[in-house]
Amino acid sequence: MKTLAPKTGNSCFGCGADNPLGLKLTFHGDPEKGTAWTEFLPPHFLAGGANMMHGGFIALLLDEVSSKVLSMQGKRGVTRNLEISYQKPVNLSGPVRLEGSLIRHEGRKHFIKARILNPGGDVLAESEALFLVFNTSS
Ligand SMILES: CCCCCCCCCCCCCCCC(=O)SCCNC(=O)CCNC(=O)[C@H](O)C(C)(C)COP(=O)(O)OP(=O)(O)OC[C@H]1O[C@@H](n2cnc3c(N)ncnc32)[C@H](O)[C@@H]1OP(=O)(O)O
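Residues numbered from 1 in each chain as written. Predicted model: local features only at pLDDT ≥ 70, side-chain atom pairs only at ≥ 80, totals over all residues. Heavy atoms only, no water.

## Focus on the packing of aromatic side chains
Just so we agree on the cut-off: Pairing of aromatic side chains requires ring centres within 6.5 Å, counting the rings of Phe and Tyr and the six-membered ring of Trp. Pairs whose planes differ by under 30 degrees are stacked, by over 60 edge-to-face, and all others tilted. Elements are defined by DSSP. Helices are runs of H or I of four residues or more, strands are runs of E of two residues or more, and each kind is numbered from the N terminus. Each residue gets one of three labels from its accessible area relative to the maximum for its type: buried under 20%, exposed over 50%, partly exposed in between, using a 1.4 Å probe on protein chains only. To sit over a ring, a charge needs its Lys NZ or Arg CZ within 6 Å of the ring centre and within 35 degrees of the ring normal.
Under the criterion given, the structure shown has one aromatic pair. Seen in terms of ring centroids, Phe13 and Phe57 are 6.2 Å apart; in terms of plane orientation they differ by 25 degrees. Their pairing is stacked. With a gap of 44 residues between them, Phe13 in the loop between strand S1 (2-4) and strand S2 (27-30) and Phe57 in helix H1 (residues 55-72) connect regions that are remote in the sequence. Accessibility expressed as a relative area gives 24% for Phe57, which makes it partly exposed. We note Arg97 situated over the ring of Trp37; from NZ or CZ to the ring centre the distance is 4.5 Å. Sitting above the plane of the Phe111 ring, Arg104 keeps its charged end 4.0 Å from the centroid.

Now the structure itself:
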């Protein structure tokens, strides 16, 4: 098990320590299994309407936890493709859990699935992403 905490000098909106507007998320995961996860209480500025999270921020969170699957393994890459299924509203009055896992990789192409769950375990949104990794030789 590995933990990635926000670092000084990183201004990433999701996980950096140096973005004043950022979420400063800490992630946990298993590099050997290719997994990453975190839990947090979404701030209300992620709202779209009513008490629901904006769909663009849902995409951001799925992208973020997907990228952390790679970070856990010491890999650096960027999102080439992100396909999202919005299944239920992400309510802003309670905590959410983000989970990501590696499906497979073919050289630099890494296919990663991710999801957002509520405390009851309901899947609120799911994604499948293609990341292109820059520092892998396999
Ligand atoms: C040098 C150091 C750099 C370090 C860098 C680190 C930066 C660490 C930032 C981290 C940040 C993290 C935060 C969260 C993750 C973001 O949010 S990253 C930000 C959002 N993403 C971006 O801005 C990426 C923008 N896109 C690009 O720069 C370029 O498209 C890429 C990703 C570098 C790829 O360009 P390319 O090398 O020309 O590759 P391309 O031909 O487009 O496609 C690659 C392959 O995918 C395949 N493909 C495309 N779509 C699909 C699909 N839907 N299904 C299957 N295959 C597909 C293609 O067929 C192709 O296959 P091959 O021909 O290689 O076999």
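Structure shown, so let's carry the discussion forward.
## So, the site of the ligand
This is how the line gets drawn: Near residues are defined by distance, with any heavy atom within 4 Å of the molecule or strand qualifying the residue. Pairing of N or O atoms within 3.5 Å defines a polar contact, subject to two protein rules: one partner must be a possible hydrogen donor and the other a possible acceptor, and residues neighboring in sequence count only if both atoms are side-chain atoms. Only the protein chains shown count as cover for residues, with accessible areas throughout obtained via the Shrake-Rupley method and a probe of 1.4 Å. Residues are grouped as follows: Ala, Val, Leu, Ile, Met, Phe, Trp, Tyr, Cys and Pro are nonpolar; Asp, Glu, Lys and Arg are charged; all remaining types, including Gly, are polar.
Surrounding the ligand, one finds 15 residues, the nearest of these being Asp63, Thr79, Arg80, Arg108 and Lys109. Within the contact set of the ligand, a nitrogen atom lies 3.2 Å away from a side-chain nitrogen or oxygen of Asn81. Taking Arg108, its side chain carries an N or O atom lying 3.0 Å from an oxygen atom of the ligand. Contact with the protein chains covers 46% of the free accessible surface of the ligand, which is 1400 Å². Looking at the shell around the ligand, the elements that each hand over two or more residues are H1, strand S6 (77-86), strand S8 (109-117) and strand S9 (123-133). Residue composition of the shell around the ligand, by class: six nonpolar, four polar and five charged.

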